[in-house]
Amino acid sequence: MFREDFSRNFGIILHDVARLLRLSYDRRMKSLGLTRSQWWVLTQLYRNDRVTQSELAQILEIDKPSLGRLLDRMESSGWLTREEDEKDRRAKRVLLTKEVGPAMKAMRAAAAETRREALLGISKAEQEQFVDTLLKLKSNLASLENSLPSLEGSLGKNKGSVAK
């Protein structure tokens, strides 16, 4: 029987690296009083300010009611505000407030320090090649996203029902 060497499995390594980056960044964010969910919302709004609440839920891959509760707490803390969409009154746009500026500056500095520590001993050329490779992986997987059949459907046909 073939036994895969998981110590060289790039998917497992990538997952572990992402987890360790989050943990390192979490440690830094605790001094700002931010939870992982909160700093992730702020980071996504920093990248995509004025998205609708529905778009933000999709970006964050969380359900709309959970995001709504999180945004309620963050809005009451002064981190963000919501306003009606000009074209669709049912939709709410989410915006960062000016009060979040110092926290965003600290978050960006902490992110830069986390990346610097993670990349210790890796040359600039290797860093650029690494990022290029990650971008290619991202592009490959994004292009496959809508073209692959559901694994759930194929497992149901071949193996019977799968417990969820």
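The coordinates are above.
What counts, and at which threshold
- Residues numbered from 1 in each chain as written.
- Predicted model: local features only at pLDDT ≥ 70, side-chain atom pairs only at ≥ 80, totals over all residues.
- Heavy atoms only, no water.
- Helix = DSSP H or I, 4+ residues; strand = E, 2+ residues; numbered from the N terminus.
- Rg over C-alpha atoms; globule rule 2.2 N^0.38 Å.
- Buried < 20%, exposed > 50% of the residue type's maximum accessible area, 1.4 Å probe, protein only.
- Areas by Shrake-Rupley, 256 points an atom, 1.4 Å probe, with all protein chains shown as cover.
- Lys, Arg positive; Asp, Glu negative; His and termini not counted.
- Charge placed at Lys NZ, Arg CZ, Asp CG, Glu CD.
- Core = buried A, V, L, I, M, F, W, Y, C linked by side-chain atoms within 4.5 Å.
- Polar contact = N/O pair within 3.5 Å; in protein donor to acceptor, adjacent residues only side chain to side chain.
- Contact = heavy atoms within 4.5 Å.
- Salt bridge = Lys/Arg side-chain N within 4 Å of Asp/Glu carboxyl O.
- Patch = residues over 30% accessible without salt bridge, like charges linked within 9 Å, V, L, I, M, F, W, Y side chains within 5 Å.

### Considering the overall build of the chain
- Summing up its helical and strand segments, the chain has seven helices and two strands in all.
- Along its sequence from the N terminus, the chain presents helices and strands in the succession α-α-α-α-β-β-α-α-α.
- Computed over its C-alpha atoms, the radius of gyration of the chain comes to 20 Å, more than 25% above the 15 Å expected for a compact globule of 164 residues.
- Its C-alpha atoms give the chain principal-axis dimensions of about 60 × 45 × 25 Å.
- Within the chain, the proportion of its 164 residues that are buried is 25%.
- About 12500 Å² of surface is accessible on the chain, with carbon and sulfur atoms providing 56% of the total.
- Both charge centroids of the chain, one from 30 positive and one from 23 negative side chains, sit 2 Å from each other.

### Things to note about the nonpolar core
- The biggest cluster of nonpolar side chains holds 25 residues, and the ones touching the most others in it are Val41, Leu42, Leu45, Leu56 and Met107.
- At the level of elements, helix H1 (10–30), helix H2 (36–47), helix H3 (53–60), helix H4 (64–76), strand S2 (92–96) and helix H5 (101–118) are the ones that each hand at least two residues to this core.
- It is H5 that contributes the most residues to this core, five residues altogether.

### Describing the side chain of Thr97
- Take Thr97: it is sitting in the loop between S2 and H5.
- Among the polar contacts made by the side chain of Thr97, one reaches the main-chain carbonyl oxygen of Gly78 at a distance of 2.5 Å.
- Side-chain polar atoms of Thr97 contact the side chain of Glu99, separated by 3.2 Å.
- When near neighbours in sequence (up to four residues on either side) are disregarded, Thr97 contacts Gly78, Trp79, Leu80 and Thr81.

### A word on the pattern of salt bridges
- Summed over the entire model, instances satisfying the criterion amount to ten salt bridges.
- For the salt bridge of Asp26 with Arg36, the shortest nitrogen-to-oxygen distance reads 2.4 Å. With Asp26 in helix H1 and Arg36 in helix H2, this pair connects stretches of sequence that are ten residues apart.
- For the salt bridge of Glu117 with Arg28, the shortest nitrogen-to-oxygen distance reads 2.8 Å. Here Arg28 lies in helix H1 and Glu117 lies in helix H5, a separation of 89 residues in the sequence.
- Here Glu117 falls in the partly exposed class, since its relative accessible area comes to 33%.
- Overlapping salt bridges bring together Glu55, Asp85 and Arg93 as one network.

### Some thoughts on the environment of Leu60
- Structurally, the position occupied by Leu60 is in helix H3.
- On the basis of relative accessibility, which here comes to 10%, the residue Leu60 falls in the buried class.
- Measuring from C-alpha to C-alpha, the distance between Leu60 and Leu135 comes to 19 Å, with 75 residues separating the pair along the chain.
- Discounting residues that sit within four places of it in the chain, Leu60 has contacts with Trp40, Val41, Gln44 and Leu67.

### Some remarks on a nonpolar patch on the surface
- Together, Ile13, Val17 and Leu21 line one region of the surface with nonpolar side chains, adding up to about 210 Å² of accessible area.
- With respect to the helices and strands, the residue Ile13 is situated in helix H1.

What is shown is where atoms sit, not what they do.
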